[in-house]
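Take a look at the letters that make up each chain.
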Amino acid sequence: MAKSTQLIDNEVFRAYATYTGIVLLKMMLMSLVTAYFRITRKAFVNPEDTASFGKGESAKKFLRTDPDVERVRRGHLNDLENIVPFVGIGLLYALSGPELSTALLHFRIFVGARIFHTFAYLIPLPQPGRGLSWAVGYSVTFSMAYRVLKTAWLL
Amino acid sequence: MAKSTQLIDNEVFRAYATYTGIVLLKMMLMSLVTAYFRITRKAFVNPEDTASFGKGESAKKFLRTDPDVERVRRGHLNDLENIVPFVGIGLLYALSGPELSTALLHFRIFVGARIFHTFAYLIPLPQPGRGLSWAVGYSVTFSMAYRVLKTAWLL
Amino acid sequence: MAKSTQLIDNEVFRAYATYTGIVLLKMMLMSLVTAYFRITRKAFVNPEDTASFGKGESAKKFLRTDPDVERVRRGHLNDLENIVPFVGIGLLYALSGPELSTALLHFRIFVGARIFHTFAYLIPLPQPGRGLSWAVGYSVTFSMAYRVLKTAWLL
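Bear in mind that the values here come from a model prediction, so they are computed numbers and not experimental data.

Conventions and cut-offs
Residues numbered from 1 in each chain as written. Chains lettered and ligands numbered in written order. Predicted model: local features only at pLDDT ≥ 70, side-chain atom pairs only at ≥ 80, totals over all residues. Heavy atoms only, no water. Helix = DSSP H or I, 4+ residues; strand = E, 2+ residues; numbered from the N terminus. Buried < 20%, exposed > 50% of the residue type's maximum accessible area, 1.4 Å probe, protein only. Contact = heavy atoms within 4.5 Å. UniProt positions renumbered as here; feature names shortened; annotations may be inferred. Buried area = accessible area lost by both parts, 1.4 Å probe. Salt bridge = Lys/Arg side-chain N within 4 Å of Asp/Glu carboxyl O. Polar contact = N/O pair within 3.5 Å; in protein donor to acceptor, adjacent residues only side chain to side chain. Nonpolar A, V, L, I, M, F, W, Y, C, P; charged D, E, K, R; others polar. Least-squares fit on C-alpha atoms with pLDDT ≥ 70 in both. Patch = residues over 30% accessible without salt bridge, like charges linked within 9 Å, V, L, I, M, F, W, Y side chains within 5 Å. Areas by Shrake-Rupley, 256 points an atom, 1.4 Å probe, with all protein chains shown as cover.

A. Structural context of the environment of Thr50 of chain B. All names here are of chain B. Position of Thr50 relative to the elements: it lies in the loop between helix H1 (11–40) and helix H2 (57–60). Thr50 sits in the buried class, given a relative accessible area of 3%. Considering only alpha carbons, one finds Thr50 and Tyr36, 14 residues apart in sequence, at a separation of 15 Å. Excluding residues that lie within four positions of it along the chain, Thr50 makes contacts with Phe44, Ala59, Phe62 and Leu63.

Next up, the structure:
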């Protein structure tokens, strides 16, 4: 029987697992940041979420959008748009047999760029900080996709 | 040559495949629920989608937002934000060689919590029902991520 | 030690890697299309993104929504909602040992349908063009999920 631990014994796969774990946890943290801003800014979207503030008009005024909440949500959506391709293409890349040092370089730059991107979005830093960090992560994923398609190509 | 059926012979991986299949199908169902509410509430967003209702002003009035449609869409986005990390981290977790019973416990609780979350969002149930089911799924993913990082750690 | 290149030697897995790479790159292109429309339509959402247009009121007028930008963003979100299940279920499907020709049929139809869907959304084509291409991709993912659950079922 196949042992499920085979892949996890491979160093490139272990590096992939480590960086994917970190960057997915970072993405999940966006939910907590959203919740934090929703509660501190008292800005909710579902009527049932404001029930503890009283009934009728007194609760209804908390059904509103807040610039800080919307900013975190945009950061979260940008994470989904960029981290999903990294996780999918990165897995195929890790299985395509790259050098460990090359793989680590890709994973480190991507995860570093996405962590910087989050700070650039939430603080916010002046452009082009956020734009450049986005482009760096995007380019890393393209570079991995190039190797995947070159190695695996079967149309 | 490697046989692609190796992994699928592993029991933990089979459990992962089963629960991931179920929870991704559940997420896909949100598209059908959205379509159902868009059609029954006559609330569309693309002008070309209302062409069958006539031309000009008679069709334009169906380009509007509807509370029920928006509620389903929020549930769908919440699924994306939470099920994507589960699928990614869960795969690595399944490959990290956990006990079958421990793995099944994680998968069952996560999928159960997400199905409950969907009903809590759509009915809607009073809080903290939805909030708690979200937190349960979130915690399961964190627990799996902890094992993945502990097993695979290579930075 | 397990060789990470084992899976990539399998033809079905190579086909999966190729089509997943293509469809994820297609999804990533939506970010560039969004950026293109934001810049040409001068429609931004973050105040820091309009700083290069001057200060105060002169920059503030570019903080607005634009129908073309919103259309691309809806197409991007629809991609996330549909391509994420394809990538997750497709991986499990590829590991479930299907015939190469059957697998290729699934992958080709899905990726073709999603590329058509993007054009149908952005041009836009009259309905039911976009709706049908969505339904075709959706059905392919369901078909793969059926095989995954039948092969792996362990609840």
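B. A look at the UniProt feature "transmembrane region" (unreviewed entry) in chain A. Those places that UniProt annotates as "transmembrane region" (unreviewed entry) correspond, in this numbering, to residues 16–37 of chain A. Helix makes up 100% of residues 16–37 of chain A and strand 0%, and the two end C-alpha atoms of the span are 32 Å apart.

C. Highlighting the interface of chain A and chain B. Contacts between chain A and chain B engage 41 residues on the former and 36 residues on the latter. Where chain A abuts chain B, roughly 3,200 Å² becomes buried across the two surfaces, and 70% of that area is made up of carbon and sulfur atoms. Taken together, chain A and chain B are joined by three salt bridges. A salt bridge links Glu48 of chain A to Arg71 of chain B, with the shortest nitrogen-to-oxygen separation between them at 2.8 Å. Taken together, the links from chain A to chain B amount to twelve residue pairs in polar contact (both at pLDDT 80 or more). Mapped by element, the contributors of at least two residues to the side of chain A that touches chain B are helix H1 (11–40), helix H3 (67–94) and helix H4 (100–122) of chain A. Looking at the side of chain A that touches chain B element by element, the count peaks at 18 residues for H1 of chain A. A per-class count over the side of chain A that touches chain B returns 25 nonpolar, nine polar and seven charged.

D. Molecular detail of the interface of chain C and chain B. Facing the 36 residues of chain C at the interface are 41 residues of chain B. Across the chain C/chain B interface, buried area totals approximately 3,200 Å², and carbon plus sulfur atoms make up 70% of it. Connecting chain C to chain B are three salt bridges. Put simply, Arg130 of chain C and Glu48 of chain B hold a salt bridge, and the shortest N to O gap is 3.4 Å. Linking chain C to chain B there are eleven residue pairs in polar contact (both at pLDDT 80 or more). Counting only elements with at least two residues in the side of chain C that touches chain B, the list comes to helix H3 (67–94) and helix H5 (129–152) of chain C. Considering every element that reaches the side of chain C that touches chain B, the biggest residue donor is H3 of chain C, with twelve residues. In terms of residue class, the side of chain C that touches chain B is built from 23 nonpolar, eight polar and five charged.

E. Local environment of the relation of the copies chain A and chain B. Mapping chain A onto chain B is achieved by rotating through 120° and translating by 0.0 Å along the same axis, at an RMSD of 0.0 Å. Both chain copies can therefore be described as sitting about a three-fold axis. Counting the interface residues of chain A, we find that no more than 15% of their copies in chain B are interface residues as well, pointing to two distinct contact surfaces.

F. Representation of a nonpolar patch on the surface within the structure. Residues Leu29 and Leu32 of chain A together with Phe142 of chain B make up a contiguous nonpolar surface patch of roughly 240 Å² in combined accessible area. By secondary structure assignment, the location of Leu29 of chain A is in helix H1. Owing to a relative accessible area of 41%, Leu29 of chain A belongs among the partly exposed residues under this scheme.

G. Geometry of the pattern of salt bridges. For the coordinates displayed, the defined rule picks out 21 salt bridges over all chains. In this structure, the salt-bridge partner of Asp79 of chain A is Arg114 of chain A, at a minimum N-O distance of 2.9 Å. Taken as a pair, Asp79 of chain A in helix H3 and Arg114 of chain A in helix H4 lie far apart in primary sequence, 35 residues in all. Here Glu70 of chain B and Arg73 of chain B are joined by a salt bridge, their closest N and O atoms 3.2 Å apart. Taken as a pair, Glu70 of chain B and Arg73 of chain B lie in helix H3 (residues 67–94) at a separation of three residues, close to a single helical turn. Look at Arg73 of chain B and you get partly exposed, because its relative accessible area is 34%. Each of Glu48 and Asp49 of chain A together with Arg71 and Arg130 of chain B takes part in one network of salt bridges that share partners.

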